[in-house]
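Architecture and fold: a report
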Amino acid sequence: MSATFGGRTGRQGKLSQWLLGRRAKAAAATDDGGREALLLAAAGAGLPLAPAAYPAPGYGCSCDRVGCPTPARHPVSFAWQTQSTTDRAQIERWARHQPQANFITATGMTHDVLDVPLEAGRQALERLLASGVEVGPVAESDDGRLLFFTLTRGTPEDEDEWWPCELDCHPETMDEHPGLRWHCRGSYVLVPPARLPGDDEQRVHWVRGPEHALPDPLSLLEILTDACARHAGEEADQVGAAWPLRG
């Protein structure tokens, strides 16, 4: 992670240094055998967990499925929604009996996740903190995403009152949402600490840990969508500038 956002200094530089420090502490905790403690902290914050696949040599997946579309990023069991739990004893058993496993957290039960491109997420996090908005846990995935953990929208007794949203994201529709993904019922994300496939030790780690209270997703949504729109515009401008002019 860069020491500054876009080369800026002052408040932004201090924020980046703080984020860098949080990342280093998370990595140190994992390296020191703190995996189980981090998982229990997530469960203690109300995030239901279930075991997930982990990286195999190269870009493979422990599930041994030929051509696995989401290597090391999916639950082990098809019953992951009912299996997911915050029970401390169960998570300890899983963690000790499956020492290499990643873990997912099922969204839409107690929490949702707003999942955005990394650079857009960093810009949004800077603005949210500078504005005094309460930001909950935030995880960074080294494959280029920032995950904002929020309260769930809930499960109304009357299903007709359920608020459908075009931003809703499910595991099978990830590629359809390159910008903002809203993980709610029926979806999941990897919970730190997690390892991603590849030769460069990519990970999912906390930037802001689960000790931070989950906020209302709507309190973050405007700034996140604005940051994503700006990011998409910047990428489009870069593509346009790189495209050769035709005579």
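See the structure shown above.
Residues numbered from 1 in each chain as written. Predicted model: local features only at pLDDT ≥ 70, side-chain atom pairs only at ≥ 80, totals over all residues. Heavy atoms only, no water.

This paragraph deals with the environment of Arg-88. Structurally, the position occupied by Arg-88 is in helix α4 (residues 88-97). Judged by relative accessible area, which is 52%, Arg-88 ranks as exposed. Spatially, the C-alpha atoms of Arg-88 and Leu-39 are 9.3 Å apart, while their sequence positions differ by 49 residues. (Helix = DSSP H or I, 4+ residues; strand = E, 2+ residues; numbered from the N terminus. Buried < 20%, exposed > 50% of the residue type's maximum accessible area, 1.4 Å probe, protein only.)

This part is about the pattern of salt bridges. Applying the stated rule across the entire model yields 9 salt bridges. The salt bridge involving Glu-36 is made with Arg-96; its shortest N-O contact spans 2.8 Å. With Glu-36 in helix α2 (residues 35-44) and Arg-96 in helix α4, this pair connects stretches of sequence that are 60 residues apart. With a relative accessible area of 53%, Arg-96 lands in the exposed category. Linking Asp-226 and Arg-127 is a salt bridge whose minimum nitrogen-to-oxygen distance equals 2.6 Å. Residue Asp-226 is located in helix α6 (residues 218-242), and its partner Arg-127 is located in helix α5 (residues 118-130); the two are separated by 99 residues in the primary sequence. Residue Asp-226 is classed as partly exposed on the basis of its relative accessible area of 26%. What makes Arg-127 partly exposed here is its relative accessible area of 33%. (Salt bridge = Lys/Arg side-chain N within 4 Å of Asp/Glu carboxyl O.)

This part is about α4. Looking at α4, one finds that the buried residues are Ile-91, Glu-92, Trp-94 and Ala-95. The buried residues of α4 occupy one face: seen down the axis, they fall within an arc of 165°. Opposite the buried face of α4, at more than 90 degrees from it, the exposed residues are Arg-96 and His-97. Along its buried surface, α4 packs onto α2, β1 (49-52), α3 (80-83) and β4 (102-106). (Arc of directions from axis to C-beta. Contact = heavy atoms within 4.5 Å.)

Turning our eyes to something else, we now look at the packing of aromatic side chains. Applying the stated criterion across every chain, the model contains 3 aromatic pairs. Each ring, one from Trp-94 and one from Phe-103, has its centre 6.4 Å from the other, and the planes form 50°; the classification is tilted. Like Trp-94, the residue Phe-103 is buried in the burial classification. (Phe/Tyr/Trp six-rings, centres within 6.5 Å; stacked < 30°, edge-to-face > 60°.)

With that settled, consider unusual backbone geometry. Following Pro-192, the chain continues into Pro-193 via a peptide bond in cis, with omega recorded as -5°. Among the secondary structure elements, Pro-193 is positioned in the loop between β10 (188-191) and β11 (194-195). Even without being glycine, Ala-72 reaches a positive phi, approximately 65°. Inspection of the secondary structure puts Ala-72 in the loop between β3 (60-61) and α3.

Another aspect to go through is the packing of α2 against α4. For the pair α2 and α4, interaxial distance at closest approach is 10 Å and the crossing angle is 150°. Our classification of the angle between α2 and α4 gives roughly antiparallel. As for how α2 packs across α4, the hand of that crossing is right-handed. In contact with Arg-35, Glu-36, Leu-39, Leu-40 and Ala-43 of α2, α4 contributes Arg-88, Ile-91, Glu-92, Ala-95 and Arg-96. Among the residues making up the contact of α2 with α4, the classes are represented as 5 nonpolar, no polar and 5 charged. (Axes fitted to C-alpha atoms, helices over the stretch in contact; angles between N-to-C directions. Parallel < 35°, antiparallel > 145°, perpendicular 65-115°, else oblique. Left-handed = near helix turned anticlockwise from the far one by under 90°. Nonpolar A, V, L, I, M, F, W, Y, C, P; charged D, E, K, R; others polar.)

Take α5 next. With 13 residues, α5 extends 18 Å between its outermost C-alpha atoms, agreeing within 8% with the 18 Å of an ideal straight helix rising 1.5 Å per residue. Note on α5: the residue one or two positions beyond its end, Gly-132, has a positive phi of about 80°. (Expected span 1.5 Å × (residues − 1).)

With respect to the helices and strands, Asp-112 occurs in strand β5 (residues 111-117). At 3.0 Å, the side chain of Asp-112 and the side chain of Trp-182 are in polar contact. (Polar contact = N/O pair within 3.5 Å; in protein donor to acceptor, adjacent residues only side chain to side chain.)

Summed over all chains, the structure comprises 0 disulfides. With no disulfide partner, Cys-61 has as its closest neighbouring cysteine sulfur the one in Cys-63, 3.5 Å distant. (Disulfide = S-S within 2.5 Å.)

As a further point, take the sheet that holds β10. Whether parallel or antiparallel, the strands of a sheet pair through hydrogen bonds between backbone atoms. Ordered by their spatial adjacency, 3 strands build an open sheet running β1-β4-β10, and the pairing between neighbours is antiparallel. Taken across any chain shown, the strands that pair with only one partner, and hence form the sheet edges, are β1 and β10. Taking each pair of neighbouring strands and ignoring which way they run, the sheet shows an average axis angle of 40°. Of the pairings in the sheet, the one linking β1 to β4 comprises 4 bridges and is antiparallel in character. Within β4, the residue paired with Pro-51 across the bridge is Phe-103. The sheet strands contacting α4 are β1 and β4, and the helix crosses β1 at an angle near 15°. (Pairing = 2+ DSSP bridges.)

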